[in-house]
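Commentary on secondary and tertiary structure
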Amino acid sequence: MTELAWGAEAWSEVRASLDRCIKCTVCETACPVAAVTELFPGPKTVGPQAERFRTGGHSPDLSVDYCSGCGICSRVCPQGVRIAELNSRARSELKRERGVPLRDQLVARPGLLGRFGRPVAPLFNRAMANSLVRWAGERTIGIHRRAPVPRSTTRTFSHWVGHHAGTKSARRVVYFHGCSTQWYEPHVGQKVTAILEHNGYQVIIPKQDCCGLPLQSNGLFPAARKAVTRLARQLVPDATGDLPVISSSTSCGLMLKREAREILGADSPELRSVSARTYDIFEFLRELHQRGELRTDFKPVPLTVAYHAPCQQQNQLIGKPALEILRLIPGLRLVELDRSCCGIAGTYGVKREKYEIAMRVGKPLFTDIQAEGPDLVACDSETCRWQISAATGATSVHPLEILHRAYGGS
Amino acid sequence: MGTDAVVLGAGTAGMVAALRLAAAGASVLVLAEGEGGLPLAPAQIDVLGYRPQLVLDPLGELAGFLESRPDHPYQLVEAGEVGASLDWFLELSAPLGYTGSPRLNRLQPTGLGALRPTCLVPETMAAGDLSDGGSVLVVGLRGFRDFHAPLLAENLALAHPPSGAEVRARAVEVSLPGDPRDLRPQLLVRRLEERGVLAELGREIRSRLEQEDLVGVPAVLGLESSHEVWQGLQELVGRPVFEIPTPPPSQPGQRLQQHLFRALRRLGGEVRLGARAAGYRARGDRLVAVKVVTAAREVEIPADHFVLATGGIGTGGITAGPDGELREEVFGARVSRGGAPEQPLVEYMATQPLDRVGVEVDEEQRPLGGGGGALFENLWAAGAALAGAEPWREKSGEGISLATGFRAARLAGGARA
């Protein structure tokens, strides 16, 4: 059994992987950002190459800030160099040196925005749809006026949980729903719960806060470490210490699975325990199906659905379990979109100076979607769904919403 | 939803085995730590180039070559199957316009201007066979640092193809519109897909042409639309245009990799990158599952058949410890020096002890265990993982990968039936 390193040891493993770089440039050819802008010279150049100049906390130049953090470089590296992880660290060092702008402080805290938007959701949504407000937002804090922003909701997911009777079962799972389900897309959480209950599971939904991922990607490491450690504690309420933890947000799931360990160097007994038993929702359902335990009482879903596997889902290294499960649904015409990245990379593409880059990164994907003209686009990651809808006008859903429909949901 | 076959490695051999298995109806999963050699190599298909003298007819001279190389991986494959695998590849890669014959080597310029024997090339390189001489305008792009046109042209003019024909070459350097400070290949290759940029390049080259019959350019003529870019440039220039390989990254290699990945996806197969195989589970002499490290934990991936195509020392399939111990990383298969000497030689360019390292296999390409028998009845090895070859010296790499990948799939498929 491969033992995973934690704490300082995890980071020293990441740093030591530098020595394995043979400068083959595979990462530079696969990087979606370096392919569209001269501002980012490529993951090898800002990573394994520049790293030796970063002694004493100084960064040789600012280009690492243009890395979107999609993580494709680490996945394609034939030598196992943790390029994206190294560059994430370098970016946070850069921010520590130069300060983090107010805009980044804001987008790094989805819970704060959600809490602020919720009581005045209709007003907030109208304001966000108002071009004058968006123009002002771009000029004052630097959020691009055309960048996708989620719609706030008046009823949070935890409000729904409070009124949901649930089912009792000996088979139990913990549900880690994440911020977007809580503040913007509570229907995703409701459907996850329904699907798991339909398969005979009791779904335990503890009170939970942000995993710290947006803090991490905006370079705010100490706050991110605090957030993920707190979340791990929240996800281990009484007598749930060995239950699977199910995530329906791919990037937040990856935070628990790996990034807290490899990028943040966070460590706690709860985090170690939660990390090892965190599952992407479709990864979990695929295991059920492999054991012959998944209910397949599907109604036909006569739709054409184009599926895009987001970067942070691919970085979990579990393949495309959503595709494998959706293929079981009768009547569904599934089109696998064969593109690497939609460009948004969490909060990267909402920033004034990066919006155009993100749109150029996503262009091949958008073109394919528009050529296909599907009824729906399915994508496991919320920010990618928002980006795809904003860029193409297509309706995008979490693939589990298709599964929910196949189970007879509306 | 079960997997019939797991292939470890996404280079040429792994992809060939995966594609053949998938075409035969198997559900195939390719697991690889990262992308393989494809995006780095020039995408020319070598079969046999030197034995050590220059080889003109690779298939015809194979038997003679093998007489002195009892440990060579080509010994595993009959000449007929080498030819069959190349025919299959030509058909599969028709969208990239691969051309050539295993009975006749071509002599194509390298990035340094040497003439290199190779067998099959994509359409974008087809006009670059200088076996019968030719007069070439070598075009460099200002700001693109991976291509040195003057050096290339000077060396090319020194080349002597065995036909005795003359090669003449002249270098020019042209500018693309915009700032030429540093043209990185990943941006350059996409810029040339823009019609306006290509038109300007075409006009510029045409104005610099003198008596030359051929135009050689760095291999950056587009990624997804290389056919249109290459064809468009030929029309603009009014002469046959051919690509000359650059140092890595290789755009023709990326085109071929994309093509193979997509072909597998169309057959229902999957390539999963970033997934390092860390061990296995066996029952008796049967391999049951490989263990793979995902983001959070190690998982088992069960399958009926397995192909080991993780490459040799260069790609980490085999590692050499500080004490000289050689180890095949996933299964601990027996590693052989493939007939290379035990001790280093001081002779310049001599075969060195690690040059032919690879796994030892039985006649059915099954890796051997410590005891000398096959490790598992359902594990086959292919490509650079096999001991006994020196592909850089022999110019045999792709041929070995194609033939042994092709055969591994047949043997696994036979076991399936």
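Here the structure is a predicted model, which is why all the values come from computation and not from measurement.

Calculation notes
Residues numbered from 1 in each chain as written. Chains lettered and ligands numbered in written order. Predicted model: local features only at pLDDT ≥ 70, side-chain atom pairs only at ≥ 80, totals over all residues. Helix = DSSP H or I, 4+ residues; strand = E, 2+ residues; numbered from the N terminus. Rg over C-alpha atoms; globule rule 2.2 N^0.38 Å. Buried ≥ 20, exposed ≤ 12 C-beta atoms within 10 Å, placed from the backbone. Contact = placed C-beta atoms within 7 Å. Core = buried A, V, L, I, M, F, W, Y, C linked by C-beta atoms within 7 Å. Pairing = 2+ DSSP bridges. Axes fitted to C-alpha atoms, helices over the stretch in contact; angles between N-to-C directions. Domains from an automatic or database assignment. Nonpolar A, V, L, I, M, F, W, Y, C, P; charged D, E, K, R; others polar. Arc of directions from axis to C-beta. Parallel < 35°, antiparallel > 145°, perpendicular 65-115°, else oblique. Left-handed = near helix turned anticlockwise from the far one by under 90°. Right-handed = clockwise from strand over helix to strand, strands pointing away.

Let us look at the overall build of chain A. The number of helices and strands found in chain A is 22 helices and eight strands. The C-alpha atoms of chain A give 21 Å as radius of gyration, which agrees with the globular expectation for 410 residues (22 Å, within 12%). Dimensions of chain A, computed from the C-alpha atoms along their principal axes, are close to 60 × 55 × 40 Å. When burial is assessed residue by residue, chain A has 53% of its 410 residues classed as buried. Taking contacts inside chain A between residues at least 6 apart in sequence as the whole, the part at least 24 apart equals 78%.

Quick look at the nonpolar core now. Among the nonpolar cores identified, the biggest contains 239 residues, and Val-228 of chain A together with Ala-17 and Val-307 of chain B are the most heavily contacted of them. Setting aside its immediate chain neighbours within four residues, Val-307 of chain B contacts Ala-5, Val-7, Leu-8, Gly-14, Ala-17, Trp-380, Ala-382, Ala-408 and Ala-412 of chain B.

Looking now at the sheet that holds strand β7 (residues 134-141) of chain B. The strands that make up a sheet pair up through hydrogen bonds in the backbone, lying either parallel or antiparallel. All names here are of chain B. Taken in spatial order, the four strands line up as β8-β7-β9-β10 in an open sheet, and their pairing is parallel. Pairing within the sheet leaves two strands with one partner each, and these edge strands are β8 (167-174) and β10 (241-244). If you compare each strand with its neighbour and ignore which way they point, the axes differ by 30° on average. Bridge analysis of strand β9 (residues 214-218) against β10 gives four bridges, and the strand direction is parallel. Counted as the bridge partner of Gly-216 is Phe-242 from β10. Those strands touched by helix α4 (residues 149-158) are β7, β8 and β10, and its axis lies near 175° from that of β8.

With that out of the way, let us pick up the domain arrangement of chain A. By a frequent convention, interface size equals the accessible area lost on bringing the separate parts together. Residues and elements named next belong to chain A. Along its sequence, chain A is carved into domain 1 (7-98), domain 2 (102-140), domain 3 (157-289) and domain 4 (296-406). The gap between the C-alpha centroids of domain 1 and domain 4 is 27 Å. Each partner contributes to the interface: domain 1 provides ten residues, whereas domain 4 provides twelve residues. For the side of domain 1 that touches domain 4, the class distribution of residues is five nonpolar, four polar and one charged.

In terms of burial, helix α9 (residues 131-140) of chain A is largely open, as just one of its ten residues are buried. Just downstream of α9 of chain A lies Gly-142 of chain A, where phi reads positive at about 90°.

Moving on: helix α7 (residues 110-117) of chain A. All names here are of chain A. All buried positions along α7 are accounted for by Pro-110, Gly-114 and Gly-117. Each buried residue of α7 lies within a common arc of 75° when the element is viewed along its axis, so the set occupies one face. Looking at the buried side of α7, the elements it contacts are α8 (121-128), α11 (178-183) and α13 (213-217).

Each partner contributes residues to the interface: chain B has 31 residues there, and chain A has 35 residues. Secondary-structure elements contributing two or more residues to the side of chain B that touches chain A are α5 (185-191), α8 (251-266) and β11 (270-273) of chain B. Across the side of chain B that touches chain A, the residue classes break down as twelve nonpolar, eight polar and eleven charged.

Residues and elements named next belong to chain B. We note that the domain assignment places domain 1 (3-94 + 255-416) and domain 2 (111-244) within chain B. Counting residues at the interface gives 13 residues for domain 1, matched by eleven residues for domain 2. Class assignment for the residues of the side of domain 1 that touches domain 2 results in eight nonpolar, two polar and three charged.

Time to look at the packing of helix α20 (residues 355-372) of chain A against helix α21 (residues 382-392) of chain A. Residue and element names in this part refer to chain A. Where α20 meets α21, the axes come as close as 10 Å, and the angle between the chain directions of the two elements is 70°. As far as their axial angle goes, α21 and α20 are roughly perpendicular. Viewed along their axes, α20 and α21 form a crossing whose handedness is right-handed. Between α20, through Met-359, Gly-362, Phe-366, Ile-369 and Gln-370, and α21, the contact on the second element is made entirely by Gln-387, Ile-388, Ala-391 and Thr-392. Grouping the amino acids of the contact of α20 with α21 by side-chain chemistry returns five nonpolar, four polar and no charged.

What follows concerns the pairing of strand β1 (residues 3-8) of chain B. Residue and element names in this part refer to chain B. Pairing geometry for β1 and strand β14 (residues 298-308), over five bridges, is parallel. Its bridge partner lying in β14, Leu-8 is registered against Leu-308. Pairing analysis gives four bridges linking β1 to strand β2 (residues 28-32), with the strands arranged parallel. In the sheet register, Val-7 faces β2, and the bridge partner there is Val-30. After leaving β1, the chain enters helix α1 (residues 12-23) and then returns to the sheet as β2, a path that is right-handed.

Right, let's talk about the sheet that holds strand β5 (residues 304-308) of chain A for a bit. Residues and elements named next belong to chain A. Taken in spatial order, the four strands make up an open sheet running β6-β5-β7-β8, and their pairing is parallel. Every other strand in the sheet has two partners, leaving β6 (333-336) and β8 (396-397) as the edge strands with one partner each. In this sheet, strand β7 (residues 376-379) lies alongside β5 in parallel orientation, the contact comprising four bridges. Bridge assignment links Ala-306 to a residue of β7, and that residue is Val-377. Relative to β7, α21 is tilted by about 155°, and along the sheet it contacts β5, β7 and β8.

For residues that are not glycine, phi is negative in most cases, and the peptide bond is trans in most cases. All names here are of chain B. Note the cis peptide between Arg-51 and Pro-52, where omega equals 0°. Looking at where Pro-52 falls in the secondary structure, it is placed in the loop between β2 and α2 (58-67). For the bond from Pro-248 to Pro-249, the omega torsion is 5°, close enough to zero to count as cis. Mapped onto the secondary structure, Pro-249 falls in the loop between β10 and α8.

With that out of the way, let us pick up the packing of helix α6 (residues 195-208) of chain B against helix α7 (residues 226-237) of chain B. Residue and element names in this part refer to chain B. Between α6 and α7, the shortest axis-to-axis distance is 8 Å and the interhelical angle comes to 40°. In this view, α6 runs oblique relative to α7, as classed from their interaxial angle. The way α6 lies across α7 gives a crossing that is right-handed. Contact with α6, carried on its side by Leu-198, Ala-199, Leu-201, Gly-202, Arg-203, Ile-205 and Arg-206, involves Val-229, Gly-232, Leu-233, Leu-236 and Val-237 of α7 and no other residues of that element. Its residues assigned to classes, the contact of α6 with α7 comprises eight nonpolar, two polar and two charged.

Turning next to the pairing of β7 of chain B. Residues and elements named next belong to chain B. When you tally the buried positions in β7, you get seven out of eight residues, the bulk of the element. The pairing of β7 with β8 spans eight bridges and is classified as parallel. Bridge assignment links Val-136 to a residue of β8, and that residue is Ala-169. Handedness of the crossover is the feature at issue here: the chain leaves β7, passes through α4, returns alongside β8, and the resulting connection is right-handed. In terms of strand pairing, β7 meets β9 through three bridges, oriented parallel. By the bridge assignment for β9, Val-136 is matched with Leu-214.

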